[in-house]
Amino acid sequence: MSQLSQRPSGAVVGEAVPHESARLHATGQALYTDDIAARTPGTLTAWPVQSPHAHARIRSIGTDAALAIPGVIRVLTAADVPGLNDCGINHDEPLFPSAAMFHGHAVAWVLGEDQEAARAGAAAVEVDYEELPSLISVADAIAAGSFQGQRRTVSRGDSDATLATAARTFSGVTEFSGQEHFYLETQAALATVDEGGQIFVQSSTQHPSETQEILAHVLGLASHDITVQSLRMGGAFGGKEMQSHGFAAVAAIGTLLTGRPVRVRLNRTLDMTMTGKRHGFHTSWEAGFSEDGKLLALKAVLTSDGGWCLDLSEAVLARALCHVDNNYNIPHVHVQGRVAKSNKTSQTAFRGFGGPQGMMLIEDILGRCAPLLGLAPEELRRKNFYREGDTTPYGMAVRHAGRVTTMWEQCLEKSNFNERRREVDAFNAAHPHRKRGLAITPVKFGISFNLVALNQAGALVHVYKDGSVLISHGGTEMGQGLHTKMLQVAATALGIPLTAVRLAPTRTDKVPNTSATAASSGSDLNGGAVKNACEQILARMAPVAGGMLGVSGNDVRFTNGLVTGLGVKDSSFTFAEVVMKSYLQRVQLWAAGYYRTEGLHWNPELMQGEPFKYFAGGVSVTEVEVDGFTGAYSFRRVDIVHDAGDSLSPVVDVGQIEGGYVQGVGWLTLEDLRWDESDGPARGRLLTQSASTYKIPSFSEMPEQFNVQLMEHAEEEGAVYGSKAVGEPPLMLAFSAREALRDAVGAFGSAGHSVILESPATPEAVFWAIQAALGQRTPGQRTAKD
């Protein structure tokens, strides 16, 4: 086992410790960006002037009426941008646009003494618009030929020829909606400027270094003139990877022009109407099977709804294309991908980053085709699993392919699947108006950034003379427990108690040029960097300790806060004593650590290579009960076995698995984004812009039984202390919930009926699917899409 993966005896990693800020969260003492703004005297508030049109040219902006309102200090427009008027990475995202590109687009910002003044000022700004034609749905964009970015294709073998000779072929269309991030803390930023013109921005961002970079070109400054800090976020889920930058830029421009602190903090309606979502997809497909149900070929076109500008849409699409296989070996594949351009918010990163959308395609195909092939869905899925020696359509070996199979068998056993299958069938036979469904689905998810250059991280570790330790790293904390894991990594690497280590806020002046905390890579990358820094310090201290113990530095051991020597009995020193001795001998007691993921190579033009360090995975079983009169349903039981490697922090990881599954259930069953697609004056308006109209999972959606187990003996070679990423993969465990609903709906009809289930599978969608299964649809009723 490599030094990176090897776990010492007495390790703090692997212990069941609570989240490092759990007490602060529970007591309300944890500070977030806007809490800091509230404690900053003289802070101005920024409020947006939003377009009432989905697409309109801006002829003029009148500010006199707004400036006449008491408390209004300034109105920011494009003329106030000192540098480049663009807050994106693709040069297609003006901070102050010359044309509104979606309903709710901010065309100007008002600075006021308080929110009331700023809001009144924004309402008083007079904007003359020339309304233009708009494209709202992805179908509109496809019909108009409106696309953006690069088109990509993943291809292997000859899908056309195989489809032509396959024993069974099926085709269809699978459409699914996006998802609102609905983080508890909305987008927020606070900017201040000092006497030397240095800009300091506290931002609720997953990517402080990119915020710094964006601010530099917007303000016309160098990066060293700007410091960005991310203390913590109240959730992000990808929504603060890119889209936080523009709000930080507004605050920074405001503070530079007024000399006063400026805060941006969106309310829930602003956040929902102004920020991007998970990409919805339209997919058309054709699949070929052998007579006994082996997948032979897949041909598909994936069209994502990118919204008005690119943002991260190309990268999301690339990951979707690399995950259409999920855990299934498909010998012949030809899958094309393209990004539609529409007049909606620019859709962005969301937990899973295209992986869920890619997997949705193959899981929907298997769920629809299983009854037509005369197979149980679980049999069809298991029949097509990857095996050792198989490769993905993009050419990567599926290492440890047997792990998913092992978890599949464990999940079947722990959930009593076969016995419960019989119980479900018996219940359904006895209840004509209520049916239960049971399903099991796998997950295989690649871990690493699509862009190889992003797979690097840094850390800064300080050991003070009293033996206490302060660590900084480039990752951000959004509630997922990254900081907790990094404290455990540092304590393990230095051989000291967890209480001896403290963590400093993430800042660009401590660790530069960092990647976003995204792609489930936060622990892998930053953990490797923290461990590297700690090992540098121990390597300097070991000779000092060796001199104190009378042994070679190579024979010194740092464990549980004590320093001992091999073969030395009845003699040891505390870590603090060795630290002080090292200081007196002028030994450097701090280090900058660095880590880069090895073994990655990827050709984005050919969509071939090895883009991932490893695959994380899991298996889930879900049981549901459905009311045939209303389509309403409940989740009776969930069983999950998940591969987190040798977990760094089991309590944190189990929480991530539970939360990921529930968020996936929200996307697949509840969260129904709707825009006004009429030709009326509100065309393009987001209709589901509050908690009263947009349904996220709550306690009522929790399963009666929720069993989660981490896979045992699953150490991952080449990852920090043998652990695996656990942020994104659990979301896709929720496919078993959707497939269980399909199973229940199918029980209302005759055997062999293929259930086509809309997504999200809301009670309404389930009701109409039941009507289709019963054959009771009458002319004029809504039909499920095919």
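This text follows the structure it describes.
What comes next concerns the included structure. Remember, it's a predicted structure, so these values are computed and weren't measured experimentally. (Residues numbered from 1 in each chain as written. Predicted model: local features only at pLDDT ≥ 70, side-chain atom pairs only at ≥ 80, totals over all residues. Heavy atoms only, no water.)

**Things to note about the packing of helix α15 (residues 482-494) against helix α16 (residues 522-549)**
Two measures define how a pair of helices packs: the angle their axes make with one another and the distance between the axes. Where α15 meets α16, the closest approach of the two axes is 9 Å, and the angle between their N-to-C directions is 30°. Viewed along their axes, α15 and α16 adopt a mutual orientation that is roughly parallel. For the element pair α15 and α16, the recorded crossing hand is right-handed. Residues Leu482, Lys485, Met486, Val489, Ala490, Ala493 and Leu494 of α15 form the contact with α16, whose own contacting residues are Gly522, Ser523, Asn526, Gly527, Val530, Lys531, Cys534 and Leu538. Along the lines of polarity and charge, the residues of the contact of α15 with α16 split into nine nonpolar, four polar and two charged. (Axes fitted to C-alpha atoms, helices over the stretch in contact; angles between N-to-C directions. Helix = DSSP H or I, 4+ residues; strand = E, 2+ residues; numbered from the N terminus. Parallel < 35°, antiparallel > 145°, perpendicular 65-115°, else oblique. Left-handed = near helix turned anticlockwise from the far one by under 90°. Contact = heavy atoms within 4.5 Å. Nonpolar A, V, L, I, M, F, W, Y, C, P; charged D, E, K, R; others polar.)

**Some thoughts on the nonpolar core**
Grouped together as the largest cluster of nonpolar side chains are 99 residues, with contacts concentrated most on Trp285, Phe289, Leu302, Val626 and Tyr661. When residues no more than four places from it in sequence are discounted, the contact partners of Trp285 are Phe170, Ser171, Gly172, Val173, Thr174, Leu298, Lys299, Ala300, Leu361, Ile365, Arg368 and Cys369. Listed in part, the 50 residues of the second largest apolar core include Val81, Ala108, Val127 and Val201. (Core = buried A, V, L, I, M, F, W, Y, C linked by side-chain atoms within 4.5 Å. Buried < 20%, exposed > 50% of the residue type's maximum accessible area, 1.4 Å probe, protein only.)

**What about the packing of aromatic side chains?**
Counted according to the given criterion, the structure contains 16 aromatic pairs. Considering the side-chain rings of Trp109 and Phe247, the 6.2 Å spacing of their centres and the 75° angle between planes classify their relative orientation as edge-to-face. Here Trp109, found in strand β5 (residues 106-112), pairs with Phe247, found in helix α8 (residues 244-258); they are 138 residues apart in sequence, far enough to count as distant. When the ring of Phe558 is compared with that of Phe575, the centres are 6.3 Å apart and the planes differ by 75°; the resulting orientation is edge-to-face. (Phe/Tyr/Trp six-rings, centres within 6.5 Å; stacked < 30°, edge-to-face > 60°.)

**Describing the sheet that holds strand β6 (residues 126-131)**
The three strands are arranged β4-β2-β6 in an open sheet whose pairing can be described as antiparallel. Edge strands, defined here as strands with exactly one partner in the open sheet, are β4 (99-100) and β6. Examined bridge by bridge, strand β2 (residues 56-62) and β4 share two bridges and lie antiparallel to one another. Counterpart to Ala56 in the pairing with β4 is Ala100. (Pairing = 2+ DSSP bridges.)

**Remarks on a nonpolar patch on the surface**
A cluster of nonpolar side chains, contributed by Met580, Tyr583 and Leu584, occupies part of the molecular surface with about 300 Å² of accessible area. Relative to the elements of secondary structure, Met580 occurs in helix α17 (residues 575-584). Residue classification places Met580 among the partly exposed positions, given a relative accessible area of 32%. (Patch = residues over 30% accessible without salt bridge, like charges linked within 9 Å, V, L, I, M, F, W, Y side chains within 5 Å. Areas by Shrake-Rupley, 256 points an atom, 1.4 Å probe, with all protein chains shown as cover. Salt bridge = Lys/Arg side-chain N within 4 Å of Asp/Glu carboxyl O.)

**Observations concerning the pairing of β2**
Pairing of β2 with β6, which is carried by six bridges, proceeds in the antiparallel orientation. The partner of Ile58 across the bridge, within β6, is Tyr129.

**Here's the deal with the pairing of strand β22 (residues 562-565)**
Burial along β22 is one-sided: the residues Val563 and Gly565 are buried and none of Leu562 and Thr564 is. Sheet topology places strand β21 (residues 556-559) next to β22; four bridges connect them, and they run antiparallel. Residue pairing for β22: Arg557 is matched across the bridge by Thr564. The antiparallel hairpin formed by β21 and β22 contains two residues in its connecting segment, where Asn560 sits at a positive phi of about 55°. Across two bridges, β22 lies against strand β23 (residues 573-574) in antiparallel orientation. Counted as the bridge partner of Val563 is Phe573 from β23.

**Regarding the sheet that holds β5**
If you walk across this open sheet you meet the eight strands as β3-β5-β1-β12-β9-β10-β11-β20, and the pairing is mixed. Each edge of the open sheet is held by one strand with a lone partner, namely β3 (72-76) and β20 (506-507). With respect to the sheet, helix α4 (residues 115-124) is in contact with β1 (44-50), β3, β5 and β12 (262-265), its orientation differing from that of β1 by roughly 25°.

**Section: the packing of α16 against α17**
Contact geometry of α16 with α17 gives a least axis separation of 9 Å together with a crossing angle of 100°. The angle between the axes of α16 and α17 places the two elements in the roughly perpendicular class. In contact with Leu538, Met541, Val544, Ala545 and Met548 of α16, α17 contributes Phe575, Glu577, Val578, Val579, Lys581 and Ser582. Counted by class, the contact of α16 with α17 contains eight nonpolar, one polar and two charged residues.

**Quick word on the environment of Trp602**
Assignment of secondary structure puts Trp602 in strand β25 (residues 601-603). Looking at Trp602, the relative accessible area reads 16%, which means it is buried. Separated by 94 residues in sequence, Trp602 and Thr508 place their C-alpha atoms 28 Å apart. Setting aside residues up to four positions removed in sequence, Trp602 forms contacts with Cys322, Tyr394, Asn450, Val452, Met607, Gln608, Gly609, Glu610 and Pro611.

**Regarding unusual backbone geometry**
The step from Ser759 to Pro760 runs through a cis peptide bond, and the omega angle for that step is 5°. Within the secondary structure, Pro760 sits in the loop between α19 (735-746) and α20 (763-774). For Asp311, which is not glycine, the phi dihedral falls at a positive 50°. With respect to the element layout, Asp311 can be found in the loop between β14 (295-305) and α10 (313-321). A residue is classified by how much of its surface remains accessible, and Asp311, at 4% relative accessible area, is buried. You will see that Asn416, though not glycine, has its phi angle at about 55°, which is positive. Within the secondary structure, Asn416 is located in the loop between α13 (402-414) and α14 (417-430). The exposure class assigned to Asn416 is partly exposed, which follows from its relative accessible area of 39%.

**Details of the environment of Pro371**
Structurally, Pro371 can be placed in the loop between α11 (355-369) and α12 (377-383). Along the chain, Pro371 and Asn554 lie 183 residues apart, while their C-alpha atoms are 64 Å from each other.

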